[in-house]
Amino acid sequence: MASGYFVSRGLSPLGVHFQHVCRNVLLTQTREKKRWMKSYMLLMERKKKLEGPPPPKPRSHQPNWDYHAEVQAFGCRLHETFSLDLLKTAFVNPCYIQSEEVNRRELGVDREAVALNLKDNQKLSEQGAEFSQSYLADCCRGAYPNLPPEGVNAIVQYLAGTEIVCHVAKNLAVEDLTLSAEFPVPNKVLQKTFFAVVGALLESSEPQKAGLFIRDFLMTQLIGKDLFELWDVINPMGLLVEELTKRNLSPPEPRITRQAGVSTVLPLHFVGLYSDKKLMAEGPGETILAAEEEAARVALRRIYGYTENRRPWDYSRPREETTAAQAISSN
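Conventions adopted
- Residues numbered from 1 in each chain as written.
- Predicted model: local features only at pLDDT ≥ 70, side-chain atom pairs only at ≥ 80, totals over all residues.
- Heavy atoms only, no water.
- Axes fitted to C-alpha atoms, helices over the stretch in contact; angles between N-to-C directions.
- Helix = DSSP H or I, 4+ residues; strand = E, 2+ residues; numbered from the N terminus.
- Parallel < 35°, antiparallel > 145°, perpendicular 65-115°, else oblique.
- Contact = heavy atoms within 4.5 Å.
- Nonpolar A, V, L, I, M, F, W, Y, C, P; charged D, E, K, R; others polar.
- pLDDT = per-residue confidence, 0-100.
- Buried < 20%, exposed > 50% of the residue type's maximum accessible area, 1.4 Å probe, protein only.
- Pairing = 2+ DSSP bridges.

1. Overview of the packing of helix 11 (residues 187-204) against helix 12 (residues 207-217)
Here comes step 1: At their nearest, the axes of helix 11 and helix 12 sit 8 Å apart, and the two run at 150 degrees to each other. The orientation of helix 11 relative to helix 12 falls into the category roughly antiparallel. Here Phe-194, Val-198, Leu-201 and Leu-202 of helix 11 come into contact with helix 12, specifically with Pro-207, Lys-209, Ala-210, Phe-213 and Ile-214.
Here comes step 2: Residue composition of the contact of helix 11 with helix 12, by class: eight nonpolar, no polar and one charged.

2. A word on the confidence of the model for the protein chain
Here comes step 1: Per-residue pLDDT for the protein chain has a mean of 84; in total, 84% of the residues score no lower than 70.
Here comes step 2: Taking the mean pLDDT of every element in the protein chain, the minimum, 42, falls on helix 16 (residues 320-330) and the maximum, 95, on helix 9 (residues 162-171).
Here comes step 3: Confidence over residues 318-331 falls short of pLDDT 50; this stretch has 26 contacts with residues more than four positions distant or in other chains.

3. Describing the pairing of strand 2 (residues 268-275)
Here comes step 1: Within strand 2, six of the eight residues are buried, leaving the element largely enclosed by the surrounding structure.
Here comes step 2: Bridge count for strand 1 (residues 253-260) against strand 2 is seven bridges, and the pairing is antiparallel. Bridged to Arg-258 within strand 2 is Phe-270.
Here comes step 3: Adjacent in sequence and paired antiparallel, strand 2 and strand 3 (residues 278-285) are bridged by two residues, among which Asp-276 carries a positive phi angle near 55 degrees.

Okay, structure coming up:
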């Protein structure tokens, strides 16, 4: 009896422990699916559709942000040498200063403390825009010497336009560092800020560095672009006659070279342009007039040296030094 009593007392704690272990194992084998999660997620999705996406927040309003460190890293990331004070000034727009002063007045700040001790980027922006346009024009004249001034101006306006400059600025994270009264930053303000960065680089380092910066980030936007996508020519045949007259060549004579499906809904005509009994160009079109205009555009591309199979831009040639000097002298 006594021995049986001691054995049962010795096994009882083991049995209790075994029961606890089994309970824990059963608890850990559950799928952990909350019954309320599905309805909650559906409710959140429905609310998001009704209210729309949340408004965008600037990067400065998000955690892990140090403006001074980001401005310093901007030049290092682009492998450019900026003066830190000039670079900070390049990101300050006049609208930001005005909005901050208005906010201080509304908060009841003293008049002496309302004015911000900041300098806007107006001067740097004008200087950078003028230098950029001059450099781009000189690059286009050097690469395509036969291109008329109208074509050069069209290419420069495209490269220095709002769409291209804002696309480059957003990919360089200029938008995150821009101090503006509105967010998202308006395109005009972002374009002005980008040119201010160019102006800061122009004053911080040599003009050659600023020229290389424009060449690397703006001139490369011409890749895959057709000349007449950038330059809207209303009368290509008339322009072709003028170019041939300057070169003492006979005017072009259009001739139908090939046709297909003339009596169908989708006709196709090929028109060739001849000058001095030599085929200059050939172009397709749904109508004879459209084919003549396309052939005239093909001939103009060959005259100007802006063909589809033209030689790619050579970045290895030391063109930047002379071009930058010409841009500075033209200013």
